[in-house]
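Next come the chains, spelled out residue by residue.
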Amino acid sequence: MTLTTIFYSYSGVTRGVAKKIQEKCGGDLVEVKAVKPYSTITAYSLGCYRAARGEADAITPAAIDVSASDLIVIGTPVWAFRAAPAVNGAVAALSGCQGKTAVLFATCGAQAKDTLPHLAEALKAKGVEVGGVFVFDKKDVQDAEKINALIDAVKSAGGAEIKIPV
């Protein structure tokens, strides 16, 4: 199984989870960055406003070709109960994704609410089937058992059905 893990991380928390996936599962690690980075003030004002509206940032890399991957993992921080605008930009930048399966994860302070259903909907429009979703609050990112559930889902996604934790 070939894997591409795509993520945006403002504070480093989402990056930490993405790196754990790569350490245990291998594959490519693609960190997207907003062309116009957010400051602390603009992240909480403009960034959250744009996230709530489902808007996409211009990102680097500008194009993400996953045609050589069997599985895509996408990680996002939760901004205003939605994916960060840079992750929306990453979804827009995807090519070679038709017919692929994705596992999604979100990191948040307390609740993700509609973050992953909205992200799954955007991926479905690009022909990507979402096979698993995981939410990690600030305590969960330190919980090895919960992180391992995500890693196990990624490892099993090559052919087995993914079990989505409740």
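Predicted model, so just to flag it, every value in this text is computed and none were measured.

Caption draft 1: Region of the structure containing the pattern of salt bridges. On inspection of all chains with the given rule, the structure shows five salt bridges. Two residues, Glu 31 and Arg 15, come together in a salt bridge whose shortest N-O distance is 2.7 Å. Here the residue Glu 31 occupies a position in strand β2 (residues 28-31), and Arg 15 occupies one in helix α1 (residues 13-25), the gap between them amounting to 16 residues. Its relative accessible area of 24% is what places Arg 15 among the partly exposed residues. When salt bridges that share partners are traced, they join Arg 50, Arg 53, Glu 55 and Asp 57 into one network.

Caption draft 2: Structural context of the packing of aromatic side chains. Across all of its chains, the model carries four aromatic pairs by this definition. Between the aromatic rings of Tyr 8 and Trp 79, the centroid separation amounts to 5.9 Å while the plane-to-plane angle is 80°, which identifies the pairing as edge-to-face. Here Tyr 8 is found in the loop between β1 (3-7) and α1, whereas its partner Trp 79 is found in strand β6 (residues 71-79), with 71 residues between them in sequence. Taking the relative accessible area as the measure of exposure, Tyr 8 reaches 7% and is therefore buried.

Caption draft 3: Here's a closer look at the packing of α1 against helix α5 (residues 144-156). Interhelical geometry of α1 versus α5 gives an angle of 50° and a closest axis separation of 10 Å. Of the possible angle classes, the one that applies to α1 and α5 is oblique. In this structure, α1 crosses over α5, and the sense of that crossing is right-handed. Contacts from Val 17, Lys 20, Ile 21, Lys 24 and Cys 25 in α1 reach Ile 147, Leu 150, Ile 151, Val 154 and Lys 155 in α5.

Caption draft 4: Representation of the nonpolar core. Grouped together as the largest cluster of nonpolar side chains are 35 residues, with contacts concentrated most on Ile 6, Val 32, Ile 64, Ile 74, Leu 119 and Leu 123. When residues of this core are traced back to their parent elements, those giving at least two are α2 (40-52), β6, α3 (85-93), β9 (101-107) and α4 (115-125). A per-element tally of this core places α3 first, with five residues. The residues contacting Ile 6, other than those within four sequence positions of it, are Val 30, Val 32, Ile 64, Val 66, Ile 72, Val 73, Ile 74, Gly 75, Ala 90 and Leu 94. Counting residues in each nonpolar core, the second largest holds 19 residues, with Val 17, Ile 21, Phe 105 and Ile 147 among its members.

Caption draft 5: Layout of the side chain of Asp 140. Mapped onto the fold, Asp 140 is located in the loop between β10 (129-136) and α5. Asp 140 sits in the buried class, given a relative accessible area of 11%. Polar side-chain contacts of Asp 140 include one of 2.9 Å to the side chain of Lys 146. Excluding residues that lie within four positions of it along the chain, Asp 140 makes contacts with Val 135, Lys 146 and Ile 147.

Caption draft 6: Summary view of the pairing of β6. Judged by how many residues are buried, β6 sits mostly within the fold: nine of nine residues are covered. The pairing of β1 with β6 spans five bridges and is classified as parallel. Considered in β6, the bridge of Phe 7 is made with Gly 75. One ladder, built from seven bridges, connects β6 with β9; its direction is parallel. Bridge pairing in β9 places Ile 74 opposite Leu 104. Here β6 runs beside strand β7 (residues 82-83); their pairing, made up of two bridges, is antiparallel. For Trp 79, the partnering residue across the bridge sits in β7 and is Arg 82.

Caption draft 7: The arrangement of the confidence of the model for the chain in detail. In the predicted model, the chain carries a mean pLDDT of 93, and the fraction of residues at 70 or more is 95%. Overall, residues 159-166 carries pLDDT values under 50, and its contacts beyond four positions in sequence, including any with other chains, amount to 13 contacts.

Cut-offs applied
Residues numbered from 1 in each chain as written. Predicted model: local features only at pLDDT ≥ 70, side-chain atom pairs only at ≥ 80, totals over all residues. Heavy atoms only, no water. Salt bridge = Lys/Arg side-chain N within 4 Å of Asp/Glu carboxyl O. Helix = DSSP H or I, 4+ residues; strand = E, 2+ residues; numbered from the N terminus. Buried < 20%, exposed > 50% of the residue type's maximum accessible area, 1.4 Å probe, protein only. Phe/Tyr/Trp six-rings, centres within 6.5 Å; stacked < 30°, edge-to-face > 60°. Axes fitted to C-alpha atoms, helices over the stretch in contact; angles between N-to-C directions. Parallel < 35°, antiparallel > 145°, perpendicular 65-115°, else oblique. Left-handed = near helix turned anticlockwise from the far one by under 90°. Contact = heavy atoms within 4.5 Å. Core = buried A, V, L, I, M, F, W, Y, C linked by side-chain atoms within 4.5 Å. Polar contact = N/O pair within 3.5 Å; in protein donor to acceptor, adjacent residues only side chain to side chain. Pairing = 2+ DSSP bridges. pLDDT = per-residue confidence, 0-100.

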